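The residues making up each chain are set out below.
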Amino acid sequence: MRANPLSLPDGTYVSVASAVRPDKGGRTAVLLMRASALADAGARSVIATIADVPEQDEFRDQLVVRGSLSPAVEVVNIFTDLRDRDPATFGSGSGSPTAPPKGLVMTEETRADGTPYQQVWRRPDDPATAEPAVVDHLRPDGSLFLRWSSYAGTKIELVDHDGRAVRRFSYRGPFVRWWLRRLVGDGDGFVINDSRRLLPMLFGLPSPRMHLVAAFHNPHVEREGRWDGSLKGPYAPALEHLADLDGLVLLTERQRDEIALRCGRTDNLFVVPNPVAPPTLPDPLPPRDPKRLVVVGRLEAQKRVGHALKAVSLALRTDPDLRLDVYGDGAGRHRLEKQAHDLGIAHAVTFHGYDPGARDRTLTAGAFLVTSRHEGYPLATLEDRKSTRLNSSHNA
């Protein structure tokens, strides 16, 4: 095979994620840029998603239209891929899948187009939000292609077009690894993982033709900031299995040096800062409003947006015309909205949710606030630096 223009090794480059959604930034933005760069360089670039997200094809189209993802990148979901395989590529089995236990109550779910989607089995007394005992994933014709049981430990069974069990997995990791090998097919596969929580299920994947690369997007130690400090829980497995990784990609030289002090200076530690697409700024820049402050980021504990709310509540005592615009969404939004109300500043704070044009919205702001507990390589801040506006951060 002919090497591509960047002289990358021939093979399939797979970025693994739970899902790629158009309302996510940060780590997802890095994944999309990297996958696009690989595809534009001539490599086969695939984003492999392993969560059950029926809207994944729709999300991909939105990302392509927005310009966040190259149309040359394949986005393949594990459930959709297995659902759509024909009998020749799916394989055939010999026995029946394990039947759901007696006494469960089954509900049927359909897709947006009305075709069968799932049969969900729960115990009669379980609320609708409880984890199902069994989930049957269905083909468009209503036949079963995958049964996911959790009532006696995870058991995943693939079912052929004649209703026979083709393959069984005792838990999710072997299932995902088996699928990734099938997705790559012949030739080498370069599997890139950005999620520290998904990484453990990929251990065991490397082989002479399958190569595993992990990327850290945040500091790996707790807040004491010492190289020998306590590891953050999700990072411990990666460093314990460092020898099993073909590469561990870090954001800074300092982080690489600290890991080398802890684990030894191995030849699989690399430094690649997160990419930032340089914005095209209007000339001249629009006038700034010195009374308008902005925060951009996930509304999660790490970002400490509540600190920005407290700061604004204090500043309003001397400047009642100040306003704060918060761009981003997350599990903490309701709590932060309540905090703004309790502080008596709800009139001065606007929660915009996720906005793909947030970078442009910040051009007229007087200051960009960064209140995060920690950042690996903060994309929002780096992008905003291009605007020459005041950036304010603190360590409290």
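Structure: see above.
Reading the values: the criteria
Along each chain, residues carry numbers from 1 onward, in the same order as the chain's sequence is written. The predicted origin of the model limits local features to residues at a pLDDT of at least 70 and limits the giving and counting of side-chain atom pairs to 80 or more, whereas totals for whole chains, interfaces and linings rest on all residues. Only hydrogens and water are set aside; all other atoms, that is, all heavy atoms of the structure, feed into the side-chain values. The patches reported here contain residues having more than 30% relative accessible area and no salt bridge. Joining distances are 9 Å for like charges and 5 Å for nonpolar side chains (Val, Leu, Ile, Met, Phe, Trp, Tyr). Values of accessible area rely on a 1.4 Å probe in the Shrake-Rupley scheme; residue burial ignores everything except the protein chains shown. Criterion for a salt bridge: a side-chain nitrogen of Lys or Arg within 4 Å of a carboxyl oxygen of Asp or Glu. For the purpose of charge, His is not counted, nor are the chain termini; Lys and Arg are scored as positive and Asp and Glu as negative. For the purpose of locating charges, the reference atoms are NZ of Lys, CZ of Arg, CG of Asp and CD of Glu. Comment: elements are numbered from the N terminus, with helices defined as DSSP H or I runs of at least four residues and strands as E runs of at least two. Throughout this description, buried means an accessible area under 20% of the type-specific maximum (1.4 Å probe, protein chains only), exposed means over 50%, and partly exposed covers the range between. Pairing between strands requires that DSSP locate at least two bridges from one strand to the other. Axis geometry follows a simple rule: fit a line to the C-alpha atoms, using only the stretch in contact for helices, then measure angles between N-to-C directions, giving values from 0 to 180 degrees. The contact definition used throughout considers only heavy atoms, calling two residues in contact when any of these lie within 4.5 Å. Any Phe, Tyr or Trp ring, taking Trp's six-membered ring, that has another such ring centre within 6.5 Å forms a pair; planes under 30 degrees apart are called stacked, those over 60 apart edge-to-face, and the others tilted. Here the arc refers to the directions that run from the helix axis out to each C-beta atom. Only buried Ala, Val, Leu, Ile, Met, Phe, Trp, Tyr and Cys residues count toward a nonpolar core, and they belong to the same one when joined by side-chain atoms within 4.5 Å.

Taken together, the side chains of Arg21, Lys24, Arg27, Arg197 and Arg298 define a basic patch exposed on the protein surface. If you trace the backbone, arginine 298 turns up in the loop between strand 14 (289-296) and helix 8 (305-315). Judged by its relative accessible area of 41%, arginine 298 falls in the partly exposed class.

Turning to the sheet that holds strand 11 (residues 210-215), a few remarks are in order. Taken in spatial order, the seven strands line up as 3-2-1-10-11-12-13 in an open sheet, and their pairing is parallel. The open sheet has two edge strands, strand 3 (74-77) and strand 13 (269-271), and neither has a second partner. Across the sheet, the mean angle from the axis of one strand to that of its neighbour is 25°, orientation sign disregarded. Sheet topology note: the strand 1 (residues 12-17)/strand 2 (residues 44-49) ladder contains six bridges and is parallel. Note on strand 2: the bridge partner recorded for threonine 12 is arginine 44. Packed on one face of the sheet, helix 5 (residues 172-184) meets strand 1, strand 2, strand 3, strand 10 (189-193) and strand 11 and runs near 155° to strand 2.

So, on to the environment of aspartate 360. Note that aspartate 360 resides in helix 10 (residues 358-361). Separated by 276 residues in sequence, aspartate 360 and aspartate 84 place their C-alpha atoms 40 Å apart.

Okay, the environment of glycine 114 next. Within the element layout of this structure, glycine 114 appears in the loop between strand 4 (105-110) and strand 5 (116-122). Taking relative accessible area as the criterion, glycine 114 reaches 48% and is therefore assigned partly exposed. With 26 residues separating them in the primary sequence, glycine 114 and proline 140 have C-alpha atoms 9.2 Å apart.

All right, on to the pattern of salt bridges then. A pair can form between side chains of opposite charge whenever their charged atoms are brought close. Within the structure shown, the criterion is met by 21 salt bridges. As a salt-bridge pair, aspartate 136 and arginine 147 come within 2.6 Å of each other at their nearest N and O atoms. Of this pair, aspartate 136 sits in strand 6 (residues 134-138) while arginine 147 sits in strand 7 (residues 144-149), and the two are 11 residues apart along the sequence. A residue is classified by how much of its surface remains accessible, and aspartate 136, at 2% relative accessible area, is buried. Its salt-bridge partner being arginine 256, residue glutamate 253 comes within 2.4 Å of it at the nearest N-O pair. Taken together, the residues glutamate 253 and arginine 256, both in helix 7 (residues 253-263) and three residues apart, mark about one turn of the helix. On the basis of relative accessible area, glutamate 253 is assigned to the partly exposed category, the value being 44%.

This part takes up the packing of aromatic side chains. Overall, the coordinates contain six aromatic pairs when judged by the stated rule. Each ring, one from phenylalanine 169 and one from tryptophan 178, has its centre 5.6 Å from the other, and the planes form 50°; the classification is tilted. Each of the two residues, phenylalanine 169 as well as tryptophan 178, counts as buried. An angle of 75° between the planes, with centres 4.6 Å apart, marks the rings of phenylalanine 216 and tyrosine 235 as edge-to-face. Taken as a pair, phenylalanine 216 in the loop between strand 11 and helix 6 (236-240) and tyrosine 235 in the loop between strand 11 and helix 6 lie far apart in primary sequence, 19 residues in all. The exposure class assigned to phenylalanine 216 is buried, which follows from its relative accessible area of 3%.

With that settled, the discussion passes to helix 9 (residues 333-342). Every buried residue of helix 9 is listed here: Leu336, Gln339 and Ala340. For helix 9, the angular spread of buried residues about the axis comes to 100°, placing them on one side. Exposed residues on helix 9 whose side chains face more than 90 degrees from its buried face are His334, His341 and Asp342. Summarising the contacts, the buried residues of helix 9 are in contact with helix 8 and strand 16 (349-353). With its phi angle positive at about 75°, glycine 344 sits one or two positions after the end of helix 9.

The subject of this paragraph is the sheet that holds strand 4. Read from one edge to the other, the open sheet built from six strands follows the order 4-5-6-7-8-9, with strand pairing classed as antiparallel. Two strands in the sheet have a free side with no partner beyond their single neighbour: strand 4 and strand 9 (165-169). Within this sheet the neighbouring strands show an average axis-to-axis angle of 15°, counted without direction.

Quick look at the nonpolar core now. If you look at the biggest cluster of nonpolar residues, it comprises 43 residues, and the most contacted ones within it are Val14, Leu82, Phe175, Trp179, Leu180, Val191 and Leu248. Counting residues per element, this core draws most heavily on helix 5, at seven residues. When sequence neighbours within four positions are dropped, the list of residues in contact with valine 191 reads Val14, Val16, Leu180, Leu202, Leu205, Met210, His211, Leu212 and Val213. Ranked by size, the runner-up nonpolar core spans 19 residues in total, among them Val312, Leu322, Leu324 and Ala348.

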